[in-house]
Amino acid sequence: MHNKMETTTARLEEAEERIGELEDKVMEKEEAEKKRDKKIQEYEGKIRELSDTLKRNNICIIGIPEEEERGKGAEGVLEEIIAENFPELGKEKGIEIQETQRTPFRRNLNRSSARHT
């Protein structure tokens, strides 16, 4: 009876040890997953920033009041400027405005930017 009790105790201790090891592995995997998720978010932010940096407009129009742009839209303002300055170009039907965008008001101080003087 005493031997059975000792073997049962030994098995119980071995099982507890295995459970402890498995719990440690689970914790390590959870920590690794959290680190991976954090890295993914950092990389996505860097990719977003790089794509913003790489976007270059062919035409940069400075000095249009925001109220005027709101009324006509960026495309409307650009079409008006083309019609005023390039009347021959404005009559052609093949010209399409592919994309217009307003530059953001906030600046990233860590990133270099063009200087206007």
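Here the structure is a predicted model, which means the values were calculated and not measured.

Let's talk about the overall build of the protein chain
Scanning the protein chain for helices and strands turns up three helices and zero strands. The N-to-C order of helical and strand elements in the protein chain reads α-α-α. Taken over 117 residues, the protein chain has a buried fraction of 3%. Roughly 11800 Å² of accessible area belongs to the protein chain as shown, and the carbon and sulfur atoms make up 52% of that amount.

What about the confidence of the model for the protein chain?
Summing up the model confidence of the protein chain, the mean pLDDT is 77 and the portion of residues at 70 or higher is 59%. When the elements of the protein chain are averaged for pLDDT, helix α3 (residues 87-91) gives the smallest value, 69, and helix α1 (residues 2-54) the largest, 91.

Here's the deal with the pattern of salt bridges
By the definition in use, this model includes two salt bridges. Note that E14 is salt-bridged to R18, the shortest N-O span being 2.9 Å. In this pair, E14 and R18 both sit in helix α1, four residues apart, roughly one turn of the helix. Between R36 and D37 there is a salt bridge, and its shortest N-O distance comes to 3.6 Å. The exposure class of R36 is partly exposed, given its relative accessible area of 48%.

A look at the environment of T7
Looking at where T7 falls in the secondary structure, it is placed in helix α1. Polar side-chain contacts of T7 include one of 2.8 Å to the backbone oxygen of K4.

Conventions we followed
Residues numbered from 1 in each chain as written. Predicted model: local features only at pLDDT ≥ 70, side-chain atom pairs only at ≥ 80, totals over all residues. Heavy atoms only, no water. Helix = DSSP H or I, 4+ residues; strand = E, 2+ residues; numbered from the N terminus. Buried < 20%, exposed > 50% of the residue type's maximum accessible area, 1.4 Å probe, protein only. Areas by Shrake-Rupley, 256 points an atom, 1.4 Å probe, with all protein chains shown as cover. pLDDT = per-residue confidence, 0-100. Salt bridge = Lys/Arg side-chain N within 4 Å of Asp/Glu carboxyl O. Polar contact = N/O pair within 3.5 Å; in protein donor to acceptor, adjacent residues only side chain to side chain.

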